[in-house]
Amino acid sequence: MSLLDAMHLAFMQRALAAGVLIAVMSGLLGVFVVQRRLSFLGAGLAHAAFGGMGLGAFIIVSSGLLASGVGLLHHPLWIAAPFSLLAALAIAWVREHTRLSSDTAIGVFFAVSVALGVLFFSLIPPDVNLGLSLMDLLFGSILAVTGPDLAAIAVVAVVAVAFLLGVWGRLAYATFDDELARTDGVRARLLEYLLFACAALVIAVSSVVVGIILMAAYLVIPAASARLLARSLAQMTVLSVVLAVVTTVVGLGLSYLADVPSGSTIVLTQAALFLVAAVVSRS
Amino acid sequence: MHRVTVRLGEATVLQDVSFELAAGCFLAVVGPNGAGKSTLVKVALGLVTPQRGHAALFGVEAGAWPERIGYVPQLKTFDRSFPATALELVTTGLRRRWPARVGVGERELAYAALSRVGAEHLAKRQLARLSGGELQRAYLARALARRPELVLLDEPATGVDFLAEHDLYDLLEGYQRDTGATVVMVTHDLAAARYHADRVLVLNRQVHGFGTPDEVLCESCLERAFGHLGHHHALAF
């Protein structure tokens, strides 16, 4: 079956829609992640999502929700998203109120979340079918995106994009120079908390699709490529979104044609474009 | 400022600092390292809230009128990997937001501010590629772009060569003459304080002197604030 024919299949359409939505969100968010030197945040929050998924899966199984027949409630995302949100706010609080650096604060939550995830998944009896494998969580399975997955991604995408575009001028100013922005009445601390919260939700819903391991790359590589080519933050923002969307569509197509895992193909496509951007920017 | 006391952790950075500045003055704040000069500026900007006492600008609490203040920070703490031109930086002085694009009206005002500080040619240059003096001009243009009633400068001559430093003081005096604005400048340069300011505040956590340069920049006053070094400073200018 050709790629064009495959696009008529419902699962491919869902995969493409989910991929594009994630690309737009992570492209926009990535600009601030890269410029604020928070690249490790993506990895940290993705692993927080893993901890939340473990907790969510355990609660779903042990509370009998799995047998309730209410499809939406089967998904551990309902626990993972607020869990990631709490982890993100805790990281922001530690950054603000202690002398620990970002990477140290993130590293602590990273380790605790993975430990919790492994613990809770180990408590689930092996014969229980969650419809979600550990490998899917780690490496993603964009072609297996379900209707509820897509709905959750769409809702978070609308909220995240509206928030990031709405505060772009203030967030960019605070990213440039936090103190200078505060002298002009920008509530930089509040914006940082909101940025972390937004990142937590985006990463939690996206991790289901692109996987925990690859999510950090998704947040960093398009924005980093855009930084190499852009002369202004506005240019960087537009380029980051465009590069994220293009590499997602191309990567998805290549993964179908070569019959290889989609998440890694998308990230490798992004990496190839990063190399091109690095060469172009040097010349 | 009335009996302003600021503690950061265990340390008392400012203690019972009181002074009143009339509109249109050029105040130089001098004192040794760690005297609390930058903290005083942050109190005036509303960035630091005193534990005791209060600070008011234009008759209201400090920080209430950011658009009436032009601030030039001490250290250029921005991330040099941030993609930004001098024009965009100056536009933040007009908009108080980072510009996605600079409109026609804003561009004219920003160019006028850059022109005033002799930096029109820097408008399209990336900030990361500017020298210390050029960066200082861009920041000064940003501060003056909104035609503030109060200009606050925290050690503006840091990293600036001798000629650029004198240009800077001339610019500030010119702006003050044209607009009647108040200028408050933190400086280590006692000579600059003597020749350019009409009021001097000698600070070392407490106020050790406040008055005209002739009244305040005397050996005994400086010795109280600086210790023995004050004697050498006093002789130096």
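Model, not experiment: these values are computed from the prediction.

The rules we used
- Residues numbered from 1 in each chain as written.
- Chains lettered and ligands numbered in written order.
- Predicted model: local features only at pLDDT ≥ 70, side-chain atom pairs only at ≥ 80, totals over all residues.
- Helix = DSSP H or I, 4+ residues; strand = E, 2+ residues; numbered from the N terminus.
- Rg over C-alpha atoms; globule rule 2.2 N^0.38 Å.
- Buried ≥ 20, exposed ≤ 12 C-beta atoms within 10 Å, placed from the backbone.
- Contact = placed C-beta atoms within 7 Å.
- Axes fitted to C-alpha atoms, helices over the stretch in contact; angles between N-to-C directions.
- Parallel < 35°, antiparallel > 145°, perpendicular 65-115°, else oblique.
- Left-handed = near helix turned anticlockwise from the far one by under 90°.
- Nonpolar A, V, L, I, M, F, W, Y, C, P; charged D, E, K, R; others polar.
- Pairing = 2+ DSSP bridges.
- Expected span 1.5 Å × (residues − 1).
- Core = buried A, V, L, I, M, F, W, Y, C linked by C-beta atoms within 7 Å.

**Overview of the overall build of chain B**
For chain B, the count of helices and strands is 9 helices and 11 strands. For 237 residues, the compact-globule estimate of 2.2 N^0.38 gives 18 Å, and chain B sits close to it at 18 Å. In terms of principal-axis extent, the alpha carbons of chain B reach across some 55 × 35 × 35 Å. Within the span of chain B, comprising 237 residues, buried residues form 48% of the whole. Long-range pairs, those at least 24 residues apart, make up 62% of the contacts in chain B between residues at least 6 apart in sequence.

**Considerations on the packing of helix α2 (residues 10-35) of chain A against helix α7 (residues 147-166) of chain A**
Residues and elements named next belong to chain A. One way to put it is that α2 packs onto α7 with a least axis distance of 10 Å and a crossing angle of 25°. Comparing the axis directions of α2 and α7 gives the class roughly parallel. At the point where α2 passes α7, the crossing takes the left-handed sense. Counting all contacts with α2, which are made through Arg14, Ala17, Ala18, Leu21, Ile22, Val24, Met25, Leu28 and Leu29, the residues of α7 involved are Asp149, Leu150, Ile153, Ala154, Ala157, Ala160, Val161 and Leu164. Looking at the contact of α2 with α7 residue by residue, the class counts come to 15 nonpolar, no polar and 2 charged.

**A short note on the pairing of strand β3 (residues 26-30) of chain B**
Burial runs high along β3(B): 5 of the 5 residues are buried. Every second residue of β3(B) is oriented toward a common face, with B:Phe26, B:Ala28 and B:Val30 on one face and B:Leu27 and B:Val29 on the other, all of them buried.

**Thoughts on the environment of A:Ile60**
Its location among the elements puts A:Ile60 in helix α3 (residues 39-63). A:Ile60 sits 18 residues away from A:Trp78 along the chain, and the two C-alpha atoms are 9.9 Å apart.

**What to know about the sheet that holds strand β4 (residues 52-54) of chain B**
Residue and element names in this part refer to chain B. An order of β2-β1-β4 is seen for the 3 strands of this open sheet, with the pairing classed as antiparallel. In this open sheet, the two edge strands, each paired with only one partner strand, are β2 (11-17) and β4. Along the sheet, successive strands turn relative to each other by an average axial angle of 25°, direction set aside. The pairing of strand β1 (residues 2-8) with β2 spans 4 bridges and is antiparallel. Among the inter-strand pairings, Val6 is bridged to a residue of β2, identified as Leu14. Running over the sheet, helix α1 (residues 37-45) touches β1 and β2 and is turned about 65° from β2.

**Here we look at the interface of chain A and chain B**
Tallying the contact residues gives 21 residues for chain A and 20 residues for chain B. Put simply, the parts of the chain that give the side of chain A that touches chain B at least two residues each are α8 (168-176), α9 (178-183) and α12 (233-258) of chain A. Per-element tally for the side of chain A that touches chain B: the top contributor is α8(A), with 6 residues. The residue inventory of the side of chain A that touches chain B, partitioned by class, reads 9 nonpolar, 5 polar and 7 charged.

**Quick look at helix α4 (residues 132-145) of chain B**
Residues and elements named next belong to chain B. An ideal rise of 1.5 Å per residue puts 20 Å on 14 residues; α4 measures up with 20 Å between its terminal C-alpha atoms. Counting buried positions along α4 gives 11 out of 14 residues, so the element sits mostly inside the fold. Every buried residue of α4 is listed here: Leu135, Gln136, Arg137, Ala138, Tyr139, Leu140, Ala141, Arg142, Ala143, Leu144 and Ala145. Arg147 occupies a position one or two residues after α4 and carries a positive phi of about 50°.

**Brief notes about helix α2 (residues 86-95) of chain B**
In terms of burial, α2(B) is a largely internal element, 9 of the 10 residues being buried. Restricting attention to buried positions, one finds in α2(B) the residues B:Ala86, B:Leu87, B:Glu88, B:Leu89, B:Val90, B:Thr91, B:Thr92, B:Gly93 and B:Leu94. Buried residues belonging to α2(B) abut α8 of chain A together with β7 (69-72), α3 (104-116) and α4 of chain B. Positive backbone phi, approximately 60°, marks B:Arg96, located one or two places after α2(B).

**As for the packing of α12(A) against helix α13 (residues 262-282) of chain A**
Residue and element names in this part refer to chain A. Across the interface, α12 lies against α13 with an axial gap of 8 Å and an inter-helix angle of 130°. Classified by the angle their axes make, α12 and α13 are oblique. As α12 packs across α13, the resulting crossing turns out to be right-handed. Where α12 approaches α13, its residues Leu243, Thr247, Thr248, Val250, Gly251, Leu252, Leu254 and Ser255 are matched on the opposing element by Ser262, Thr265, Ile266, Thr269, Gln270 and Leu273. Looking at the contact of α12 with α13, its residues break down into 6 nonpolar, 8 polar and no charged.

**Some thoughts on the nonpolar core**
Counting residues in hydrophobic clusters, the biggest one holds 181 residues, and the most contacted among them are A:Leu29, A:Ala199, B:Ala86 and B:Ala138. Here the element with the most residues in this core is α2(A); it accounts for 14 residues. Non-local contacts of A:Leu29, meaning those with residues more than four positions away in its chain, are made with A:Ala160, A:Leu164, A:Cys198, A:Ala199, A:Val202 and A:Leu219.

**Focus: unusual backbone geometry**
Residues and elements named next belong to chain A. Located in the positive-phi region is Arg37, a residue other than glycine, with phi close to 55°. Within the element layout of this structure, Arg37 appears in the loop between α2 and α3. Its 12 C-beta neighbours within 10 Å are what place Arg37 among the exposed residues. Despite not being glycine, Asp259 has its phi angle at roughly 55°, a positive value.

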